[in-house]
Amino acid sequence: MHHRPITLLSLLLGAAHSIAARPTFQDERSISSSITLSASVPDDAALPVLHPFVSFSIEFAFFPDFAGNLSHPNLFSNHLLDNLAELQGAKPYIRVGGNTQDFALYDPNLRAATNATYITSISTDYPLILSFGPAFFESYFTWPGTKFIHGFNLGKNSSTDIELMLESVPVACKALEGGKLAYWELGNEPDLYKTSAQGIRRPANWTEQDYVNEWLNKTARIEKRLVEACPELADSKYIAPSFAGVTNSLNPVVTWEKGLDNSRNIALNSEHNYIGGATQPGVTLQNTLMNHTKTVESVAQQVNVSRILSNDNLTPGIPYILGETNSLYNQGAPGLSNSFGAALWGVDFNLYCASQNIRRTHMHQGSNYNYISWQPVGTNRTSIGTKAPYYGNAMVAAMLHGGDDVRIVNLPLAADTEAAYAAYVNDSLVRVAVINLVEFNYTSTDSIAEKVESRPSAKYTFQLPSSGSVYSDSVSVQRLMANGSNAITGITWDGWSYNYELAQGKPVRLQNVTIGEAISVGDDGVVEIEIPYSSAAILSL
């Protein structure tokens, strides 16, 4: 898979060489690259991202863990969301859905938020029998200024199941009045209903037309309940079809051809993406997550479907988003999805998506999951705390600051183990991100001196535009750093720690991290920066 060509950007690749005195790899992959930057947005650049871009998807069963309730709001979670709002300029949108959305049945008499039963022979990660009561909706009141996507159950299909789903509509809309509702969602990954390992939901002959007919019928019935209970939300819209991928038992292009949006109530074309599986053979940090080519290949099929839909005018004016995504499906793999390497993957993946007209991403979360950005409550499996992927979320948010006209351009580099992006705000070049994905492991017995001395770096040179723009004589640098790609703690973004232990997720500036770094711009407009292996940086111009 080749990178998308970018006009107006001249790419000059230097020869590979080692910069560090004592590299720790047999295979030395330090890279010296020179990139000429354009002052204005290239002609074939992606559309502006939706604001906010950095968003989350939270497993339905665990939403009360993440948000808390009126008497015990989860302040830790809210602090982390506020941090991202400060960085990108708007609070993340929260999708409440996932697999358990299609197991959840409303029980108006349930006093607790949820009643969950695990069938451990099928899944130990989430309940397969789930009821939720009116108290569940208290969680929508605990994060001020947040907009939500509430997921309704499509999977359960008996007349009783459908009536319980409809009975939840007035309770949901009352909770989301007053500006809290972003969109609705009906069903999670219906393209797997005929094949799911968690239980077959539809017969083998269930077609795209059958799905569309069911979706249109049930959304019409939901709208009727909305008109009765919450007239102000009667015209609210959906994200759909929320397929798991583009090659499963339902074809997304055929689904739109069969009239999915006949009611004109779909706001966003939402699909799901995972770069691989937690138990897939051959999945490694370097070859799967810390590999730009694998990211390009993972996104390529969905980019192609998006282009077909657009070219065939099947989704006019409907932006393409990832309503659920993360590193490795089946809740991630320990040692991979919870590592700093996964945080670097998250930066590359999200910025690459932004450069390919995927206009928002919702990173999926669930209690005790390996790929979570934070664990909202302590359990017997996982301690409460901010996890490595969150720091990648922070860097992406910082890169996308600027409001409603932020566009990301991929700057193709030579190796699988590096990536670079330019951010344009209101048609002006404002930031460049560089990500080095060469795996650098460390041991807890390494001294600080040994870690610094043995860690190689890669050198990147940027030629600033020579005309049409005026840049200062230096650029500021913010770094995403940890001791190595296998680190799960000790991570900082621009010298900030968001650890629960320090200030319950509020930013704390650490004293032992370099901040306020600036790099001089040469007389010829050249900026040169060294990026240690397994780290990333933003240069603000």
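Our subject is the structure listed above.
Okay, so let's go over this structure. Please read all numbers here as calculations on a predicted model, not as lab measurements.

Topic: the overall build of the protein
Thought 1: From N to C terminus, the protein includes 11 helices and 26 strands.
Thought 2: For a compact globule of 541 residues, the expected C-alpha radius of gyration is about 24 Å, and the protein comes in at 23 Å, within 12% of that figure.
Thought 3: Across its three principal axes, the protein shows a C-alpha extent of roughly 70 × 50 × 45 Å.
Thought 4: Burial statistics for the protein: of 541 residues in total, 59% are counted as buried.
Thought 5: The contacts of the protein with a sequence gap of at least 6 include a subset with a gap of at least 24, amounting to 78%.
Thought 6: Carbon and sulfur atoms make up 49% of the accessible area of the protein, which totals about 20,500 Å².
Thought 7: One way to put it: in the protein the 34 positive side-chain charges average out to a point 5 Å from where the 50 negative ones average out.

Digging into the state of the cysteines
Thought 1: All chains considered together, the criterion is met by one disulfide.
Thought 2: Residue pairing for Cys173: its cysteine sulfur links by disulfide to Cys230, the two sulfurs lying 2.0 Å apart. Across the S-S bond linking Cys173 and Cys230, the dihedral sits near 75°, which makes this disulfide right-handed. Taken together, the positions of Cys173 in helix α3 (residues 159–175) and Cys230 in the loop between α4 (208–229) and β10 (238–243) put the pair 57 residues apart, joining distant regions of the chain. With respect to burial, Cys173 and Cys230 carry one shared label: buried.

Comments concerning the pattern of salt bridges
Thought 1: The tally for this structure, following the rule as stated, stands at 10 salt bridges.
Thought 2: Between Asp125 and Arg381 there is a salt bridge; the shortest N-O distance is 3.3 Å. You can see Asp125 sitting in the loop between β6 (114–117) and β7 (129–132) and its partner Arg381 sitting in the loop between β14 (374–375) and β15 (385–386), a full 256 residues away along the chain.
Thought 3: With its nearest N and O atoms 3.0 Å apart, the salt bridge here joins Glu163 to Arg225. Linking Glu163 in helix α3 with Arg225 in helix α4, this pair joins segments that are 62 residues apart in sequence.

Some details on the packing of aromatic side chains
Thought 1: Applying the stated criterion across every chain yields a total of 30 aromatic pairs.
Thought 2: Ring centres of Tyr211 and Phe243 lie 5.7 Å apart, and the angle between their planes is 55°; on these two criteria the pair is classed as tilted. Of this pair, Tyr211 sits in helix α4 while Phe243 is found in strand β10, placing the two residues 32 residues apart along the sequence. There is no split in this pair, since Tyr211 and Phe243 are both buried.
Thought 3: Chaining the aromatic ring pairs together yields one cluster made of Phe60, Phe63, Tyr106, Phe132, Phe136, Phe137, Tyr140, Trp143 and Phe148.
Thought 4: One cation-aromatic arrangement involves Arg202 over Trp206; the distance from NZ or CZ to the ring centre is 5.2 Å.

Re the nonpolar core
Thought 1: Counting 130 residues, the largest nonpolar core has Trp184 and Trp493 as its most contacted members.
Thought 2: Here this core gets 11 residues from one element, more than from any other, and that element is helix α8 (residues 340–355).
Thought 3: Apart from the residues within four sequence positions on either side, Trp184 is in contact with Ile149, His150, Phe152, Ala172, Cys173, Leu176, Leu226, Leu233, Ser236, Lys237, Tyr238 and Ile239.

A few points about helix α2 (residues 75–88)
Each full turn of the α-helix corresponds to 3.6 residues, which orients residues three or four apart in the same direction.
Thought 1: Between its first and last C-alpha, α2 extends 20 Å over 14 residues, near the 20 Å set by a 1.5 Å rise per residue.
Thought 2: Among the 14 residues in α2, 11 count as buried, and that is most of the element.
Thought 3: Listed in full, the buried residues belonging to α2 are Phe76, Ser77, Asn78, His79, Leu80, Leu81, Asn83, Leu84, Ala85, Leu87 and Gln88.
Thought 4: One side-chain oxygen at the N-terminal end of α2 lies 3.3 Å from the backbone nitrogen of Phe76; it belongs to Asn74.
Thought 5: Count one or two residues on from α2 and you reach Gly89, which has phi positive near 100°.

Side note on the pairing of strand β19 (residues 457–463)
Thought 1: The element β19 is largely enclosed, with a buried count of five among its seven residues.
Thought 2: Sheet topology places β19 next to strand β25 (residues 526–532); seven bridges connect them, and they run antiparallel. Counterpart to Lys459 in the pairing with β25 is Glu530.

Re the sheet that holds β6
Thought 1: Strand order in the open sheet formed by three strands is β5-β7-β6, with mixed pairing between adjacent strands. With one partner strand each, in any of the chains shown, β5 (104–106) and β6 form the two edges of the open sheet. Pairs of neighbouring strands in the sheet enclose a mean axial angle of 20°, with direction left out of account.
Thought 2: Packing of α3 onto the sheet brings it into contact with β5 and β7, and relative to β5 it is tilted by some 70°.

Describing unusual backbone geometry
Thought 1: Across the junction of His51 and Pro52, the peptide omega takes the value 5°, indicating a cis bond.
Thought 2: Mapped onto the elements of the fold, Pro52 is located in the loop between β2 (32–36) and β3 (54–59).
Thought 3: The step from Ala240 to Pro241 runs through a cis peptide bond, and the omega angle for that step is 0°.
Thought 4: If you trace the backbone, Pro241 turns up in strand β10.
Thought 5: Backbone geometry places Arg264, a non-glycine residue, at a positive phi of 55°.
Thought 6: One can find Arg264 in the loop between α5 (252–257) and β11 (266–277).
Thought 7: Taking the relative accessible area as the measure of exposure, Arg264 reaches 58% and is therefore exposed.

Calculation rules
Throughout, a residue's number is its position along its own chain's written sequence, starting from 1. Local features in this predicted model are restricted to residues of pLDDT 70 or higher, and side-chain atom pairs are both shown and tallied only at a pLDDT of 80 or more, whereas totals for entire chains, interfaces and linings draw on every residue. Excluding hydrogens and water, the side-chain values take into account all heavy atoms of the structure. Runs of E in the DSSP output that reach at least two residues are strands. Runs of H or I that reach at least four are helices, and both are numbered from the N terminus. Computation of the radius of gyration draws on C-alpha atoms alone. For the globule rule, the value is 2.2 Å times the number of residues to the power 0.38. Each residue gets one of three labels from its accessible area relative to the maximum for its type: buried under 20%, exposed over 50%, partly exposed in between, using a 1.4 Å probe on protein chains only. A contact between two residues is defined here by any heavy atoms of the two lying within 4.5 Å. Here the Shrake-Rupley method, with its probe set to 1.4 Å, supplies the accessible areas, and only the displayed protein chains count as covering residues. In summary, the charge assignment counts Lys and Arg as positive and Asp and Glu as negative, without counting His or the chain termini. A charged residue contributes its charge at one atom only: NZ of Lys, CZ of Arg, CG of Asp or CD of Glu. Only a pair of cysteine sulfur atoms within 2.5 Å qualifies as a disulfide here. We define a salt bridge as a contact between a side-chain nitrogen of Lys or Arg and a carboxyl oxygen of Asp or Glu at a distance within 4 Å. Put simply, two rings from Phe, Tyr or Trp (the six-membered ring, in Trp's case) pair if the centres are within 6.5 Å, and we call them stacked under 30 degrees between planes, edge-to-face over 60, tilted for the rest. We count a charge as sitting over a ring when the NZ of a lysine or the CZ of an arginine lies within 6 Å of the ring centre and within 35 degrees of the ring normal. Buried residues of nine kinds, namely Ala, Val, Leu, Ile, Met, Phe, Trp, Tyr and Cys, make up a nonpolar core once their side-chain atoms join them within 4.5 Å. What a helix is expected to span follows from its residue count: subtract one and scale by 1.5 Å. Polar contact is defined as a pair of N or O atoms within 3.5 Å, subject to the rule that within protein one atom must be able to donate a hydrogen and the other to accept it, and that residues adjacent in sequence are counted only when both atoms are side-chain atoms. In this scheme, strands are said to pair when DSSP sees at least two bridges between them. The axes are straight lines fitted to the C-alpha atoms, using for helices just the contacting stretch, and the angles between their N-to-C directions are given from 0 to 180°.

Interpretation in functional terms is not warranted from these geometric data alone.
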